[in-house]
Amino acid sequence: VQLQASGGGLVQAGGSLRLSCAASGRALSRQGRAWFRQIPGKEREFVAAFRWDESNLYYADSVKGRFTISRDKAKNTGYLQMNELKPEDMAVYYCAARAGTILSALRDVHAYTYWGQGTLVTVSS
């Protein structure tokens with residue numbers, strides 16, 4: 001499975017960006033998809049996730065109400081819509097996927113098998 005993340009860029013505080021994560025390769029059963037982010041010197045942190053065939057969405061408290069995770073099943077692509085961006089949202093954003101995801105593992109960076117290459121989001125104040 002290959003994941004290709006895109007959509008990062010430079011935006012002013014208060015602005016919006018939409019990240020995309022296109023998947024290719026073999027299908028994953030009961031897959032979980034997630035977005036994580038990382039700034040230099042810090043651990044990769046959970047942002048948002050869902051299980052591909054379920055409607056529930058899961059968010060970090062820091063982004064709840066501003067970010068929305070979604071999917072286009074026909075395109076096998078996940079999205080992260082980021083609104084009201086803040087300087088503290090600036091990071092490299094990674095998409096991730098794994099098969100057979102249980103709820104307790106959705107927020108766990110170590111639970112994911114497949115990772116995209118990362119896309120940089122820069123927020124100017």
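Quick caveat, the model's predicted, so the values are computed rather than measured. The residue count restarts for each chain, going from 1 along the sequence in the order it is written. Residue-level local features of this predicted model are given only where pLDDT is at least 70; pairs of side-chain atoms are given and counted only at 80 or more, and the full residue set underlies all totals for whole chains, interfaces and linings. Values reported for side chains reflect all heavy atoms of the structure, with hydrogen atoms and water molecules removed beforehand.

*Asks:* Sorry, what's going on with the side chain of Ser 20 here?
*Replies:* Helix and strand definitions here come from DSSP, where helices need a minimum of 4 consecutive H or I residues and strands a minimum of 2 consecutive E residues; each element is numbered from the N-terminal end. Relative to the assigned elements, Ser 20 resides in strand E3 (residues 17-24). Only protein chains enter the accessibility calculation, which uses a 1.4 Å probe; a residue whose area is less than 20% of its type maximum is buried, one above 50% is exposed, and one in between is partly exposed. With relative accessibility at 17%, the residue Ser 20 sits in the buried group. Only heavy atoms enter the contact rule, under which two residues are in contact if any of them lie within 4.5 Å. Filtering out sequence-adjacent residues up to four positions away, Ser 20 remains in contact with Gln 4, Ala 5, Ser 6, Trp 35, Thr 77, Gly 78 and Tyr 79.

*Asks:* Would you mind going over the sheet that holds strand E7 (residues 67-72) with me for this structure?
*Replies:* Across a sheet, paired strands are connected by hydrogen bonds in the backbone, their directions being either parallel or antiparallel. Following DSSP output, two strands are said to pair if at least two bridges run between them. Reading across from one edge, E1-E3-E8-E7 is the order of the four strands in this open sheet, with antiparallel pairing throughout. Because the sheet does not close on itself, it has two edges, and the strands there are strand E1 (2-6) and E7. If you compare each strand with its neighbour and ignore which way they point, the axes differ by 15° on average. Looking at chain direction, E7 and strand E8 (residues 77-82) are connected through six bridges and run antiparallel. Within the sheet, the bridge partner assigned to Asp 72 lies in E8 and is Thr 77. To obtain each axis, a line is fitted to C-alpha atoms, and for helices this fit is confined to the stretch in contact; angles are then taken between N-to-C directions over 0 to 180 degrees.

*Asks:* Would you take a moment to explain the packing of aromatic side chains for this structure?
*Replies:* The geometry of an aromatic ring pair is captured by two quantities: the separation of the ring centres and the angle between the planes. Pairing of aromatic rings covers Phe, Tyr and the six-membered ring of Trp, with a centre-to-centre limit of 6.5 Å; geometry is then stacked below 30 degrees between planes, edge-to-face above 60, and tilted otherwise. Applying the stated criterion across every chain yields a total of six aromatic pairs. With a centroid separation of 5.5 Å and 70° between ring planes, the pair formed by Phe 36 and Tyr 112 is classed as edge-to-face. Of the two residues, Phe 36 is situated in strand E4 (residues 32-38) and Tyr 112 in the loop between strand E9 (91-98) and strand E10 (114-115); the sequence distance between them amounts to 76 residues. By relative accessible area, which is 1% here, Phe 36 ends up buried.

*Asks:* Which parts of the structure should I look at to understand the environment of Leu 3?
*Replies:* By the element assignment, Leu 3 lies in strand E1. Note on Leu 3: relative accessible area 8%, which makes it buried. Placed 75 residues apart in sequence, Leu 3 and Gly 78 show a C-alpha to C-alpha distance of 9.9 Å. When residues no more than four places from it in sequence are discounted, the contact partners of Leu 3 are Cys 21, Ala 22, Ala 23, Cys 95, Ala 96, Ala 97, Tyr 114, Trp 115, Gly 116 and Gln 117.

*Asks:* In this structure, what is going on with the pattern of salt bridges? I would like to understand it.
*Replies:* Side-chain pairs of opposite charge can arise where the charged atoms are in close proximity. Any carboxyl oxygen of Asp or Glu that lies within 4 Å of a side-chain nitrogen of Lys or Arg is treated as forming a salt bridge with it. Going through the model one piece at a time under the given rule, you end up with six salt bridges. The shortest N-O distance in the salt bridge between Arg 37 and Asp 89 comes to 2.9 Å. Taken together, the positions of Arg 37 in strand E4 and Asp 89 in the loop between E8 and E9 put the pair 52 residues apart, joining distant regions of the chain. Each member of the pair Arg 37 and Asp 89 is classed as buried. A salt bridge links Asp 53 to Lys 73, with the shortest nitrogen-to-oxygen separation between them at 3.3 Å. Here Asp 53 is found in the loop between strand E5 (45-51) and strand E6 (57-59), whereas its partner Lys 73 is found in the loop between E7 and E8, with 20 residues between them in sequence. A residue is classified by how much of its surface remains accessible, and Lys 73, at 49% relative accessible area, is partly exposed. Residues joined in a network through salt bridges with shared partners are Arg 37, Glu 45, Arg 66 and Asp 89.

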